[in-house]
Amino acid sequence: MKANQTVLKEFILVGFSSYPHVRTFLFVLFFGLYLLTLTGNLAILGLTWADRSLHTPMYLFLRALSFSETCYTLTIIPKMLADLLTEKRSISVPGCGLQMYFFLGLGGTHCIILTLMGYDRFLAICHPLRYPLLMTNVVCGHLVVSAWAGGFLISVTETALIFGGSFCNPNLIHHFFCHMRAVVRLSCLDSDLTELIVTMVSVSALTGTFLLIIITYIFILSTVFRIPSAEGKQKAFSTCASHLTVVIVHFGFAAIVYLKPEGSGGDDTLIAVPYTVITPFLSPLIFSLRNRDMKNAFRKLLAKRSFWNTLQGLSTPQLDLMEDKKKSLETHCAGVLQALRPLENPFSMMPPPESF
């Protein structure tokens, strides 16, 4: 137990204070990436909701992923941007606990949803005939709820372990948010043991979900290689390309953060930037640019909006003229149908036979 035990009411986030000359540049850079991230995720949420052809399990999982990613960035980046513009970078102890709780919960949910998306692709490619029965929208909804429950179960466990005791001075968190390893070092209790436990929980969750994804793709590849036609193989690979790319980016950056040895050196603040800022920016970009259905839905939305703008741009006389032409055409068609009606029964036009 540490000797300088006091009741702390707030922490100081050191963040990027070691780089005072580039803080304005970092603010502009991160703010731009954050706006693009929000735009991309909100576009995916809007398109998958508005286009009925995208109301399938695959895109329901994508919608859930975009929603969790939007909440994930809201947990960290606004506070980070505010701290880049001010010298007072404090956060209350309860506020720090809430930020850590939502960061870990949403991060865990994100990993589980990525795993479920891999399972969805496994069923679609390896069991195409049974897929509509095995993966319905109802089943998809239940799996998404389970992903949120699993992510926040891990989060509440780790947060309770870290904030279960008191904290000692100095109250400096050498990070730009309440990262668990940076906060647990301020604990007045045996911080080494607590840090080992929470790190093992995070690493186990991270590697467990990643291994499940690897297993699903082993089965997917074994099925794809048995497809006789090159076109069939390409189509199967195209449905997995976006998901596999996001998995590599997400778990690659996460491994750098959570699997980095203690004495390896390097600034933890800079190391965490790709995982917390770059990955959320790349994810909607990859899913939208590499997905034909998403691009088609976007084109249909633009075409529909252009049509309504054209109608709204017409004046009242032009609309009246269009209505008159419509009525004239309907009258003409009715006349043609009336003239053709006797031809439907040619015998009705013949004179009646003479009686004997």
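Residues numbered from 1 in each chain as written. Predicted model: local features only at pLDDT ≥ 70, side-chain atom pairs only at ≥ 80, totals over all residues. Heavy atoms only, no water.

## Digging into the state of the cysteines
- Tallied over the entire structure, the rule returns one disulfide.
- A sulfur-sulfur separation of 2.1 Å characterises the disulfide bridge that pairs cysteine 96 with cysteine 178. Handedness of the cysteine 96-cysteine 178 disulfide follows from its S-S torsion of about -135°: it is left-handed. With cysteine 96 in helix H3 (residues 93–126) and cysteine 178 in the loop between strand E3 (172–173) and helix H6 (180–184), this pair connects stretches of sequence that are 82 residues apart. The pair formed by cysteine 96 and cysteine 178 is uniform in burial state, with each residue classed as buried.
- Summary of cysteine pairing: cysteine 240 is not part of a disulfide, and the nearest cysteine sulfur, belonging to cysteine 126, is at 8.9 Å. (Disulfide = S-S within 2.5 Å. Helix = DSSP H or I, 4+ residues; strand = E, 2+ residues; numbered from the N terminus. Buried < 20%, exposed > 50% of the residue type's maximum accessible area, 1.4 Å probe, protein only.)

## Observations concerning H3
- Over its 34 residues, H3 runs 49 Å from end to end, which matches the ideal 50 Å to within 8%, given 1.5 Å per residue.
- Here H3 lies mainly inside the structure; 26 of its 34 residues are buried.
- The opening residue of H3, the one whose side-chain oxygen lies 3.0 Å from the backbone nitrogen of glycine 95, is serine 92. (Expected span 1.5 Å × (residues − 1). Polar contact = N/O pair within 3.5 Å; in protein donor to acceptor, adjacent residues only side chain to side chain.)

## Here's the deal with the pattern of salt bridges
- Here the structure, examined in full by the defined rule, presents six salt bridges.
- The partner of glutamate 87 in a salt bridge is arginine 23, with the nearest N and O atoms 3.5 Å apart. Placement of the pair is glutamate 87 in the loop between helix H2 (57–84) and strand E2 (90–92) and arginine 23 in helix H1 (residues 23–50), with a sequence separation of 64 residues.
- Look at glutamate 87 and you get exposed, because its relative accessible area is 61%.
- For arginine 23, a relative accessible area of 10% gives the class buried. (Salt bridge = Lys/Arg side-chain N within 4 Å of Asp/Glu carboxyl O.)

Keep in mind these values describe shape, not function.
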